[in-house]
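Observations on the three-dimensional arrangement
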Amino acid sequence: MTLLMRLCTLVVHVLCLPLHLIDAVGLYKLYKHVIPGYMYQISIAYNKKMHDKKKELFRSLADFKPGGQLTLLEIGCGTGTNFQYYPSGCRVVCTDPNPNFQKYLTRAMEDNDHLTYDRFAVASGEDMAAVQDNSVDAVVCTLVLCSVDSVAQTLREVHRILRPGGAFFFMEHVVADPSTWCYFFQHVLQPPWYYFGDGCQVTRETWKNLESAGFSELQLRHIEAPLMFMIKPHIVGYAVK
């Protein structure tokens, strides 16, 4: 299957040449103005199918409240679809590299007035210099590590800004088992998926990055999400600094 997969992937790359050229000349960046509305609709659909999983995951957030107000930072907050799952009174710091999400965030904040919103910083996961060391109780990241330039650097930043004993909560789609057809199509269809998924890469073994990130404790589960085959394989859990 490996030879066939490589051949098919090459064919798809050739078919995607116009997209590669658009990216090379910098026109792909215009997509950043369109993606927030597109992601808003996708996030609603994702939450409907993953509601129980998210509710279960974020139930543990309260365990990392040191006695006062829980301070939480969300990387790649997008349209704010995770806000409804955060505990009441939580102070939220939002980061996203795309400032065009701002109007959707404002709407989500109005709909979730059980939270206190600190600020929105335009920042990538790899560089959150605006956030101080050891300053937050929890960091949340859902469907973001698939599109950052460097998973390892993003996790280093997470480790830096978490207070000792704080936790990193994640829910990410990952590459499938190599023996499956899902794995085959993830690799073959990755070129167009990258462009239409805002830089999303479905072939990452993100759990390996988490295992080597230096956390003191890692609670991680592999699950099959009730989603389309390309993003069915997921990892869910949290890591403690």
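Quick notes on the rules
The written sequence of each chain sets the order in which its residues are numbered from 1. Only residues with pLDDT of 70 or above have their local features reported here, since the model is predicted, and side-chain atom pairs are shown and tallied only from 80 upward, although totals for entire chains, interfaces and linings are computed over all residues. To get the side-chain values, all heavy atoms of the structure are used, and hydrogens and water are removed first. For the exposure calls, accessible area comes from a 1.4 Å probe over protein chains only, and a residue counts as buried if that area is under 20% of its type's maximum, exposed if over 50%, partly exposed in between. Each helix is a run of H or I in the DSSP string that is no shorter than four residues. Each strand is a run of E no shorter than two, and both are numbered from the N terminus. Note on pairing: DSSP must find at least two bridges between two strands before they are called paired. The handedness of a crossover follows from its direction of travel: if, with the strands pointing away from the viewer, the path from the first strand over the helix to the second runs clockwise, the crossover is right-handed. Two rings belonging to Phe, Tyr or Trp (six-membered ring only in the last case) form a pair when the distance between their centres is within 6.5 Å. Interplanar angles under 30 degrees mark stacking, angles over 60 mark edge-to-face geometry, and anything in between is tilted. Here, a charge over a ring is recorded when the distance from Lys NZ or Arg CZ to the ring centre is within 6 Å and its angle to the ring normal is within 35 degrees. Axis definition: a line fitted to C-alpha atoms, over the contacting stretch in the case of helices. Angles run 0 to 180 degrees between N-to-C directions. Note on angle classes: values under 35 degrees are labelled roughly parallel, values over 145 roughly antiparallel, values of 65 to 115 roughly perpendicular, and the remainder oblique. Only heavy atoms matter for contacts: two residues are in contact if any of them lie within 4.5 Å across the pair. Gly falls in the polar group here, along with every residue not listed as nonpolar (Ala, Val, Leu, Ile, Met, Phe, Trp, Tyr, Cys, Pro) or charged (Asp, Glu, Lys, Arg).

By the naming in an unreviewed UniProt entry, the protein goes by Methyltransferase type 11 domain-containing protein and is assigned to Tetraodon nigroviridis.

Walk down a regular strand and you will see the side chains alternate between the two sheet faces. Taken across its six residues, strand E2 (residues 91-96) has five buried, putting it largely inside the fold. Across five bridges, the pairing between strand E1 (residues 71-75) and E2 is parallel. Following the sheet pairing, Thr 71 is matched in E2 by Arg 91. Pairing between E2 and strand E3 (residues 116-122): six bridges, direction parallel. Following the sheet pairing, Asp 96 is matched in E3 by Val 122. As for the winding sense of the linkage, the β-α-β connection from E2 through helix H4 (residues 102-111) to E3 is right-handed.

Right, let's talk about the packing of aromatic side chains for a bit. Applying the stated criterion across every chain, the model contains 16 aromatic pairs. Ring geometry for Phe 58 versus Phe 169: centroids 6.4 Å apart, planes at 40 degrees, classification tilted. Of this pair, Phe 58 sits in helix H3 (residues 35-58) while Phe 169 sits in strand E5 (residues 162-173), and the two are 111 residues apart along the sequence. On the accessibility criterion, Phe 58 (3% relative accessible area) is buried. Its relative accessible area of 0% is what places Phe 169 among the buried residues. Where Phe 64 meets Phe 169, the ring centres are 5.8 Å apart and the plane angle is 85 degrees; that geometry is what we call edge-to-face. Taken together, the positions of Phe 64 in the loop between H3 and E1 and Phe 169 in strand E5 put the pair 105 residues apart, joining distant regions of the chain. We classify Phe 64 as buried; its relative accessible area is 11%. Taken together, the aromatic side chains of Phe 58, Phe 64, Phe 83, Tyr 85, Tyr 86, Tyr 117, Phe 169 and Tyr 238 make up a single cluster linked through ring pairs. When the ring centre of Tyr 40 is taken as origin, the NZ or CZ atom of Arg 107, which lies over that ring, is 5.1 Å away.

Here the focus is the pairing of E5. For E5, the tally of buried residues reaches ten of twelve residues, placing the bulk of the element in the interior. When strand E4 (residues 136-142) meets E5, the two strands line up parallel, connected through six bridges. Within E5, the residue paired with Val 139 across the bridge is Phe 168. Relative to strand E7 (residues 233-240), E5 runs antiparallel, the two being bridged by seven bridges. Bridged to Met 171 within E7 is Val 236.

Let's shift gears to the packing of helix H1 (residues 2-15) against helix H2 (residues 17-24). Axis angle and axis distance: for two packed helices, these are the angle between their axes and the distance between the axes, and together they describe the pair. Between H1 and H2, the least distance of the axes is 4 Å, while the angle of their chain directions is 55 degrees. Relative to H2, H1 is oriented oblique. Mapping the contact onto sequence places His 13, Val 14 and Leu 15 in H1 and Leu 17, Pro 18 and His 20 in H2. A class-by-class count of the residues in the contact of H1 with H2 yields four nonpolar, two polar and no charged.

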